[in-house]
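# Coordinate inspection notes
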There are 4 protein chains.
Amino acid sequence: MESIEIDEIADPELDEPVLVEGLPGVGHVGKLAAEYLLEEFESELVRRVYADEFPPQVSIDDEGVAELTCAEFHAVHLTAEDGADGADDGDDEDEADGEGDTESQDLLVLTGDHQAQSNAGHYHVTDAFLDVAESFGVERAFALGGVPTGELIEDEEYTVLGAVTDAAMKEELEAAGVEFREDEPAGGIVGVSGLVLGLGERRGLKAACLMGETSGYLVDPKSARAVLEVLQERLGFEVDYESLEERAEEMEEVVSKIQEMQGGDEGMPTGDDLRYIG
Amino acid sequence: MESIEIDEIADPELDEPVLVEGLPGVGHVGKLAAEYLLEEFESELVRRVYADEFPPQVSIDDEGVAELTCAEFHAVHLTAEDGADGADDGDDEDEADGEGDTESQDLLVLTGDHQAQSNAGHYHVTDAFLDVAESFGVERAFALGGVPTGELIEDEEYTVLGAVTDAAMKEELEAAGVEFREDEPAGGIVGVSGLVLGLGERRGLKAACLMGETSGYLVDPKSARAVLEVLQERLGFEVDYESLEERAEEMEEVVSKIQEMQGGDEGMPTGDDLRYIG
Amino acid sequence: MESIEIDEIADPELDEPVLVEGLPGVGHVGKLAAEYLLEEFESELVRRVYADEFPPQVSIDDEGVAELTCAEFHAVHLTAEDGADGADDGDDEDEADGEGDTESQDLLVLTGDHQAQSNAGHYHVTDAFLDVAESFGVERAFALGGVPTGELIEDEEYTVLGAVTDAAMKEELEAAGVEFREDEPAGGIVGVSGLVLGLGERRGLKAACLMGETSGYLVDPKSARAVLEVLQERLGFEVDYESLEERAEEMEEVVSKIQEMQGGDEGMPTGDDLRYIG
Amino acid sequence: MESIEIDEIADPELDEPVLVEGLPGVGHVGKLAAEYLLEEFESELVRRVYADEFPPQVSIDDEGVAELTCAEFHAVHLTAEDGADGADDGDDEDEADGEGDTESQDLLVLTGDHQAQSNAGHYHVTDAFLDVAESFGVERAFALGGVPTGELIEDEEYTVLGAVTDAAMKEELEAAGVEFREDEPAGGIVGVSGLVLGLGERRGLKAACLMGETSGYLVDPKSARAVLEVLQERLGFEVDYESLEERAEEMEEVVSKIQEMQGGDEGMPTGDDLRYIG
């Protein structure tokens, strides 16, 4: 196997697709959000990316079949049925030629179970991801992730923080509810989400990172929802959050149980309890 | 020395050899099992693989002679004498042309004392292993290993879990006693055994990973035996387990002694006691 | 992105510029000192160096805009206004042709937030830095850093230790207050500052490392000032230390507070308090 | 700087030189022994080896001058004056043509303060060392090191263990007092000493590793002496051990002091005391 191998599975024509990156990170927020898009909308697997910088392992699916570690790109074609409404994308060019007003939005969704395992590996693998994105004509990107607060978050406080490659992008994002706070996130953005912005900018992409606040202790469906709601606003689609809501309720039960346990008995949570620990 | 060097020691003609991989891992189950095949049957050393990804060290044999870290391929020719019975290998093609019915089975057994020491190293080294396997015409492979349960296992419970590159392979494996459990092994299969499946599948190999349940605390001859019994069923050979049985009895004595010690006196096990600690 | 990418932002003609290196290290002494030069004097950004050996992350500026990890070179042209006085640079050659007597001094100041993250990475990245320096005609270099003493330092004791590529350089440095102590720093000089000397010497550069003594626990503006005072003497410039002095006073308050806290209450310092923790 | 750079300092003609490797390891035994040869006999620096696999740092000499991490080769020409007695080297070829009977012995002594810092780095750097050795016509090598026993050693028990690339070499080594013990050293020989044998053997060199038993807690001059006494026997030279003896006495004082301290007061040893801690 070469250092990086990209399997071309399908080659649909995409119209000004937006890259949505959701690899695992804090609270698995980005991962949950991106995978939710693939669950709720029809999608087509277009690329698989393998790399010797990914963990040297296979995952086993429900059938007992082994799959080599990889990242996947799926194409999603949102139509009026999905609530696509030609949302203003802040790009005068598109408005001028009327392209921003079509009631459809193509997405190129990047998901996976692992990030690169070495310093230089992160650069190489993200470069490969951006090569794929560019090959499909991507010019805009959203990197999804979480930012840890260190403490459990009350329902009404699920804020989404932002970072951009270009200050001009902030206005629409703030209108969609994203907060830009000075000095946050402290320490910047590490890993593929940061590099989608850092390397993306050097390729002329306009990229924004949406980071849902989360405790950092649990896989957080509420934070994922907050991030999806911003995307929904920016890209124009409607999605049913019922399934994500169910997971959120399960998570709340786990949180209560853990809080009880820590208050009283020191017993170990059960396997089911732990399903949400990221 | 090149990054990877392969010494060609011998070049026997092998007939549809099956790769059997047994590098060190959990409980040294795969290592024990593969090495047992080389002890019980006649074998011929055919390849040595050196790599700058292996630990930079030499082992010293009983004569005080140093040997640079390497992995070895031995060819084993199982005949009717060994109990080879042209076991049905689930491959209609073979049956159709009668090749699956010959009473012999060639094996290419891969052993060694170390795995690669870096992330990318695992990929490179396993690629080299598969190059060697392909050069001998290997089309099927068994990666042998252990899966840790975290607790000592009662005699009758030595289960062998499985994973495959192709769901069609499961039926015969289940018939040979292999269990396929959803969500197990949690975390997938890491290292060369996983990559034999992951990279092997991309080369068109049909590979199965057989993982003997083991505590994870000891080198486990009973688990190795359970795995060998599956292989015996699938490949068709008979082997005398007496020697492995002796080691199993020694291990049980060690386990009892450790259980006594942990219950009472905190003294250190003797050097002999520790011989089974993996 | 290539392994190392250098963006050429501007190409001013520099006259015998001296490289001043201030990447992060012990007490951030070198970083503070180099950045102070860029705050107090007019400077022009000339180069940005990106590398897959830098941490795979972006920092976020006050506007929420992401910046890929990089090191920067700024050109500083010190004139008589800045107090440049054609300070004797210990180079007879310059004196002979009168070039050392012009009342100006060009500097090429290297700053950044991170060093390379791997062993070989340090070599590669420092080689790139020296390539840039050579392209501007640099022949002399000062690598700025700190040497940890393990304990807080009294005001009058802010010593600057030195190391050079050429023993003949010591005399003027000692005249400027630098101390050369046998066996110090123990363990040598690690990282880019050490390699500016080690690799610089192999390219014929004359380089000195100025290391301000510092506790090692805090970002230390007083130590940075001690180092700047040596540079001021050697390169010939005048700078207002008021701003650095203010930071020093803030640091002293933090130190007092920490000493109180350790003596009494075990409460955590506030976010403001921690601003000086390196 | 290239990945590995070799500076050619001098090119004396050497007659069947024997490589003596003494890089740092357990108890610094090999380092002490090799450096002692350079102190007691006249030597000429012939090569310096730099590598991006060595720690990225400079050491500072007594003059405050920085030196980039490197390994050094010195040529030593032992004559009758040094006690060279054309010691029988176990090589019939030499005896047949009379070459083994000249009363001189050339050595190529390899010293340094660091080993490579990565797994593959050890292979690359040792390959470079062997390239240098071969360029001088080396056919035999002694890798010097220590083997840790975990406890302080009584005077009369300073054993030297051995390992060889070729069993035929054992006889003369045993005659010189080297012990070959089954299963020792456990875990083999790691690092450059092991690779001098492992990679050396693949180049047709005859190499032996001499490992002085040592506690592992201290730099051990007595163990170094034991190793030198074997070399003295095999290569034929006489050396005055007085200086090494002095260091041994200092070490014994440190050991006594440490034993007192551990028995009573828990105070820290002084800087002088620690000079022997490896």
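Residue indices follow the written sequence of each chain, beginning from 1 at its first position. Numbering of ligands from 1 and lettering of chains from A proceed in the order in which they are written. In keeping with the predicted nature of the model, local features appear solely for residues at pLDDT of at least 70, side-chain atom pairs appear and are counted solely at 80 or more, and the whole-chain, interface and lining totals rest on all residues. Values reported for side chains reflect all heavy atoms of the structure, with hydrogen atoms and water molecules removed beforehand.

The name recorded for chain A in an unreviewed UniProt entry is PAC2 family protein, from Halobium salinum.

### Some thoughts on the sheet that holds strand β4 (residues 57-60) of chain D
Should DSSP find at least two bridges between two strands, the strands are taken to pair. The numbering of helices and of strands both runs from the N terminus, where a helix is a DSSP run of H or I of at least 4 residues and a strand a run of E of at least 2. Read from one edge of the open sheet, three strands run β11(C)-β4(D)-β5(D), paired in antiparallel fashion. Of all strands in the sheet, those with a lone pairing partner are β11 (189-190) of chain C together with β5 (66-68) of chain D, marking the two edges. Pairing of β11(C) with β4(D) involves two bridges; the strand directions are antiparallel. Residue pairing for β4(D): Ile189(C) is matched across the bridge by Val58(D). It only takes one pair of heavy atoms within 4.5 Å for two residues to be counted as in contact. Whenever a helix is involved, its axis is fitted only over the stretch in contact; in every case the axis is a line through C-alpha atoms, and angles between N-to-C directions fall within 0 to 180 degrees. Along the sheet, helix α5 (residues 192-202) of chain C contacts β11 of chain C together with β4 and β5 of chain D; its crossing angle with β5(D), the most-contacted strand, is approximately 80 degrees.

### What to know about the pattern of salt bridges
Counted as salt bridges are all cases of a side-chain nitrogen of Lys or Arg within 4 Å of a carboxyl oxygen of Asp or Glu. Per the stated rule, a full pass over the model turns up 68 salt bridges over all chains. We note a salt bridge from Arg203(C) to Glu134(C), for which the minimum N-O separation is 3.4 Å. Of the two residues, Arg203(C) is situated in the loop between α5 and β12 (206-214) and Glu134(C) in helix α3 (residues 119-135); the sequence distance between them amounts to 69 residues. Accessibility here uses a 1.4 Å probe with only protein chains present; expressed as a share of the type maximum, an area under 20% marks a residue as buried, one over 50% as exposed, and anything in between as partly exposed. Residue classification places Arg203(C) among the partly exposed positions, given a relative accessible area of 25%. Taking the relative accessible area as the measure of exposure, Glu134(C) reaches 35% and is therefore partly exposed. With a closest N to O distance of 2.9 Å, Arg203(D) and Asp131(D) form a salt bridge.

### Observations regarding the interface of chain B and chain D
Each partner contributes to the interface: chain B provides 22 residues, whereas chain D provides 27 residues. Two parts placed together each lose some accessible area under a 1.4 Å probe, and the buried area is that loss summed for both. Both faces combined, the contact of chain B with chain D buries some 1,900 Å², and carbon together with sulfur accounts for 53% of it. Summed over the shared surface of chain B and chain D, the number is two salt bridges. In this structure, Asp7(B) and Arg202(D) form a salt bridge, with 2.8 Å as the shortest nitrogen-oxygen distance. Two N or O atoms form a polar contact when they lie within 3.5 Å of each other; inside protein one atom must be a possible hydrogen donor and the other a possible acceptor, and for residues adjacent in sequence the pair counts only when both atoms belong to side chains. For the interface between chain B and chain D, the tally reads 14 residue pairs in polar contact (both at pLDDT 80 or more). Elements with a minimum of two residues in the side of chain B that touches chain D: β1 (4-8), β3 (43-51), β4 (57-60) and β5 (66-68) of chain B. Among the elements that make up the side of chain B that touches chain D, the one with the highest residue count is β4(B) (four residues). When grouped by side-chain class, the residues that make up the side of chain B that touches chain D number 11 nonpolar, five polar and six charged. When residues are sorted by character, Ala, Val, Leu, Ile, Met, Phe, Trp, Tyr, Cys and Pro go into the nonpolar class, Asp, Glu, Lys and Arg into the charged class, and all the rest, Gly among them, into the polar class.

### Concerning the packing of aromatic side chains
Each aromatic ring pair is characterised by the separation of its centres together with the angle its planes make. The aromatic pairing rule takes the rings of Phe, Tyr and Trp, using the six-membered ring of Trp, and pairs them if the centres are within 6.5 Å, calling planes under 30 degrees apart stacked, those over 60 edge-to-face and the rest tilted. Applying the stated criterion across every chain yields a total of 12 aromatic pairs over all chains. Considering the side-chain rings of Phe41(A) and Phe237(A), the 5.6 Å spacing of their centres and the 80 degrees angle between planes classify their relative orientation as edge-to-face. Of this pair, Phe41(A) sits in the loop between α1 (29-40) and β3 (43-51) while Phe237(A) sits in the loop between α6 (221-236) and α7 (242-263), placing them 196 residues apart in sequence. Given a relative accessible area of 2%, Phe237(A) falls into the buried group. Taking the ring centre of Tyr50(B) as reference, the NZ or CZ of Arg202(D) above it sits at 3.9 Å. Each ring is checked for a lysine NZ or an arginine CZ that lies within 6 Å of its centre and within 35 degrees of its normal; such an atom marks a charge sitting over the ring.

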